[in-house]
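Listed below, chain by chain, are the residues.
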Amino acid sequence: MARAVTTNRKALNTAIAWIIGLLIFFPILWTILTSFKTEAQAINDPPIFLFFDWTLENYSIVQERSNYMKFLWNSVFLAGGSTILGLIIAVPAAWSMAFVPSKRTKDILLWMLSTKMLPAVGVLYPIYLGFIQLGLLDSRVGLVIVLMLINLPIIVWMLYTYFKEIPGEILEAARMDGATLKEELLYILTPMAIPGIASTMLLNFILAWNEAFWTLNLTAVNAAPLTAFIASYSSPEGLFFAKLSAASTMAIAPILILGWFSQKQLVRGLTFGAVK
Amino acid sequence: MATQHSRSAARLMMAPAVVLLLGWMLVPLIMTLFFSFKKYLPLRGDSLSNGLDWVGFENYARFINSSSFWPSVYTTLIIVGGVLVITVVLGIVLALLLDQPMWGQGVVRILVIAPFFVMPTVSALVWKNMFMDPVNGLLAHLWKFFGAEPVQWLSQNSLESIVMIVSWQWLPFATLILLTAVQSLDSEQLEAAEMDGAPYRKRFIYIILPHLARAITIVILIQTIFLLSIFAEIFVTTGGAFGTKTLTYLIFQRVLESQNVGLGSAGGVYAIILANIVAIFLMRIVGKNLDA
């Protein structure tokens, strides 16, 4: 709102907002801080906030004991793989719905969205059984497919809203100049769609990274990503606060950083374009 | 505009997504429906290849009549309702606050949104151990500092604790969407009302709230769908003990822990019906928006 406000008022706003912001962020900050403490300092009474002996010991212990890198790689593989696979399938679909709409386009879009509403637990056993039959249980390939499928509606939907914003006249002009479908896609549409595609990738990567129903239920050792790695800390290692914090920090750091870039896309992606 | 050629090409490009999603939806759904009418206990030697006994609606009746069904419905309602109330109310307050002029707005926004990016297992575990542990948790220290008896969070106030954890995770989502809506508010209208002497309370009730109505509805619907199926938060904190077994968790236990697939599948069908009731309303709103 472009209204003149007094400096006092602004200062008050700033103070209140920062206090609330820090309060909400505090659990994350506390986890990061604790990860640099020794176990004794981590449970010290009263709690120590900043003035402790900073150490990186926990990080090396976590890596040594639980092979963090393997889980990290699984997370990257699952989130990255499902995102790329999803895009390959979704880009053509969203393209055709945005630029060659038919009477049924709206129904198809809404129907795709509705598949997202299906509660995972309702279809847990069939998927579980299918995974056993196909030998996909605890395999990365199987999970990439599942994660891709659960996020496909969001990818299609987001891409569709982005593609819709590209003026159709440009494509028509290209067609008049004799561009083939392939040329149109490659030289006109793709460059213009790259920002939208990048945002979609980002949000989808985050969603897949944090997915914790299928990753917990369909993995054991080999394909387990960071969600499962952290869940394995639930006891008794979870009582070692410093190590738990180090493990947690490593699990959330990449996404926190990516998340900061994706604030705007978050709204569009998660409300299916209903709030812009 | 579109030629016949491009139409058929479009259909072809849409096909993979449609076929995959159709399969992903129909195959498991039909299997769950099928299992829900069967006696299927894999641990007692039942298997698909040996053929399963048809039991009609017995699983459906047993699922509803079991002693854990109604408590799980109650738990689900408390968690979903509690989180919705907290996140929507605080979300509106935060959105209005963040819309005010201030220094470092971008940074505050990031701080507020951050919890959304924390994976559910991490937030559940960090809250459970580092904050809610009755001996070493930070909240216990805080209580002791004020001379109070530390709260036994997850064992004695388990539902409240889970509502707290989940609210912390979802508050950023509500805030962000409501903030987007607040920012699209026409400030001239507000200024006119202010000049006419309308106090803030009246401006809020008659201008801001009606403007936010749609965004609030969307927040409620989308969160409900996600909240109905929260899993990791309960899996990691209480494992369904201390009265925190939601419908989702109950079905998970029936299917994978006690391996009573028929019974669990009947529960799954109930969950699907429940989610669909919410989904219909959401789809209406989204669909309307698509025409605009």
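An account of the accompanying structure is given in this report. Quantities reported herein were computed from a predicted structural model and do not represent experimental measurements.

### Comments concerning helix α9 (residues 181-210) of chain A
Taking 1.5 Å per residue, 30 residues should reach 44 Å; α9(A) reaches only 37 Å between its end C-alpha atoms and comes up short. The sharpest bend along α9(A) comes to roughly 55 degrees, located at A:T190, with the proline A:P191 sitting one to four residues further on.

### Description of empty space enclosed by the protein
What the rule picks out here adds up to 4 cavities of 30 Å³ or more. Around the largest cavity, the lining is made up of 44 residues, and of these A:K116, A:E211, B:W170, B:F226 and B:S229 lie nearest the centre. Elements represented by at least two residues in the lining of the largest cavity include exactly α5 (105-116), α7 (140-164) and α9 of chain A together with α8 (158-183), α10 (200-228), α11 (232-237), α12 (247-257) and α13 (261-291) of chain B. Of the residues assigned to the lining of the largest cavity, the class counts are 34 nonpolar, 7 polar and 3 charged. Those elements that provide at least two residues to the lining of the second largest cavity are α1 (7-34) of chain A together with α5 (120-131) of chain B. Grouping the constituent residues of the lining of the second largest cavity by class yields 7 nonpolar, 2 polar and no charged.

### Concerning the side chain of B:R203
Residues and elements named next belong to chain B. Tracing the chain through its elements places R203 in helix α10. For R203, a relative accessible area of 12% puts it in the buried group. Among the polar contacts listed, one links the side chain of R203 to the backbone oxygen of A198, at a separation of 3.1 Å. Residues within four places of R203 in sequence aside, it is in contact with L190, A193, E194, A198 and I208.

### Details of the layout of surface pockets
The volume enclosed by the largest pocket comes to roughly 810 Å³. Forming the boundary of the largest pocket are 27 residues, of which A:L23, A:I24, A:F26, B:W127 and B:L139 lie nearest the centre. When residues of the lining of the largest pocket are traced back to their parent elements, those giving at least two are α1 of chain A together with α3 (69-99), α5, α6 (138-145) and α8 of chain B. Element by element, the count of residues in the lining of the largest pocket is highest for α1(A), at 7 residues. Split by residue class, the lining of the largest pocket holds 23 nonpolar, 2 polar and 2 charged.

### A closer look at the interface of chain A and chain B
In this assembly, 107 residues from chain A lie in contact with 99 residues from chain B. Seen at the junction of chain A and chain B, the total is 0 salt bridges. Our count for the chain A to chain B interface comes out at 9 residue pairs in polar contact (both at pLDDT 80 or more). Among the elements that line the side of chain A that touches chain B, the one with the most residues is α1(A), at 20 residues. Considered class by class, the residues forming the side of chain A that touches chain B number 74 nonpolar, 24 polar and 9 charged.

### Here's the deal with the nonpolar core
Generally speaking, a soluble globular protein has its nonpolar side chains buried in company with each other. Residues and elements named next belong to chain A. Ranked by size, the top nonpolar core spans 193 residues in total, and within it F163 and W214 carry the most contacts. Here the element with the most residues in this core is α7; it accounts for 17 residues. Excluding residues within four positions of it along the chain, F163 makes contact with V91, A94, W95, A98, F99, A193 and I197.

### Thoughts on the packing of aromatic side chains
Here the structure, examined in full by the defined rule, presents 42 aromatic pairs over all chains. Judged by centre distance (5.7 Å) and plane angle (85 degrees), the ring pair of A:Y125 and B:Y40 falls under edge-to-face. With A:Y125 in helix α6 (residues 124-133) and B:Y40 in the loop between β1 (38-39) and β2 (53-54), the pair connects residues from two separate chains. Look at B:F145 and B:F146: their rings are 5.2 Å apart centre to centre, the planes differ by 85 degrees, and that puts the pair in the edge-to-face class. On the accessibility criterion, B:F146 (65% relative accessible area) is exposed. Put simply, the rings of B:F37, B:W54, B:F57, B:Y60, B:F63, B:F69, B:W70 and B:Y270 touch in pairs and so form one group of aromatic residues. Sitting over the face of the ring of A:W30, A:K37 holds its NZ or CZ atom 3.9 Å from the ring centroid. The ring of A:F77 has A:R140 sitting right over it, with the charged end atom 4.9 Å from the ring centre.

### Details of the pattern of salt bridges
Applying the stated criterion across every chain yields a total of 1 salt bridge over all chains. We note a salt bridge from B:R203 to B:E194, for which the minimum N-O separation is 3.7 Å.

### Description of the environment of B:T87
Residues and elements named next belong to chain B. Inspection of the secondary structure puts T87 in helix α3. A relative accessible area of 0% places T87 in the buried class. Between the alpha carbons of T87 and F173 there is a distance of 8.6 Å; along the sequence they are 86 residues apart. Here Q223 takes part through its side chain, which lies 3.3 Å from a polar atom of the side chain of T87.

Calculation criteria
Positions within a chain are numbered from 1, following the residues in the order the chain's sequence is written. Starting at A for chains and at 1 for ligands, labels are handed out in the order in which the entities are written. Predicted model: local features are reported for residues with pLDDT of at least 70 only, side-chain atom pairs are reported and counted for 80 or more only, and whole-chain, interface and lining totals are derived from all residues. Each side-chain value is worked out from all heavy atoms of the structure, with water and hydrogens disregarded. A run of H or I in DSSP counts as a helix once it spans at least four residues, and a run of E counts as a strand once it spans at least two, with each numbered from the N terminus. What a helix is expected to span follows from its residue count: subtract one and scale by 1.5 Å. Note that the bend at a residue is defined as the angle between axes fitted to the seven residues ending at it and the seven residues starting at it. Cavities and pockets were defined on a 1 Å grid built from protein atoms only: a cavity is a group of points that admits a 1.4 Å probe but offers it no way out, a pocket is an open group of points flanked by protein on both sides within 12 Å along at least five of seven lines, and a lining residue is one with an atom within 4 Å of any such point. Grid points are joined across faces, edges and corners, and a volume is the space filled by probe spheres set on the points. Only Asp, Glu, Lys and Arg are considered charged in this grouping, and only Ala, Val, Leu, Ile, Met, Phe, Trp, Tyr, Cys and Pro are considered nonpolar; every other residue, Gly among them, is considered polar. Relative accessibility under 20% of the residue-type maximum defines a buried residue, over 50% an exposed one, and the middle range a partly exposed one, all with a 1.4 Å probe and only protein chains included. Polar contacts, as used here, are pairs of N or O atoms within 3.5 Å; protein pairs need one atom able to donate a hydrogen and one able to accept it. Residues neighboring in sequence count only if both atoms are side-chain atoms. Pairs of residues are marked as contacts when any of their non-hydrogen atoms sit within 4.5 Å. Just to be clear on terms, a salt bridge is a Lys or Arg side-chain nitrogen sitting within 4 Å of an Asp or Glu carboxyl oxygen. Among the buried residues, those of types Ala, Val, Leu, Ile, Met, Phe, Trp, Tyr and Cys that are joined through side-chain atoms within 4.5 Å form a nonpolar core. Each Phe, Tyr or Trp ring (for Trp, its six-membered ring) is paired with any other whose centre lies within 6.5 Å, and the angle between the two planes then decides the class: stacked below 30 degrees, edge-to-face above 60, tilted in between. Remark: a charge is flagged as sitting over a ring if the NZ atom of Lys or the CZ atom of Arg is within 6 Å of the ring centre and within 35 degrees of the ring normal.

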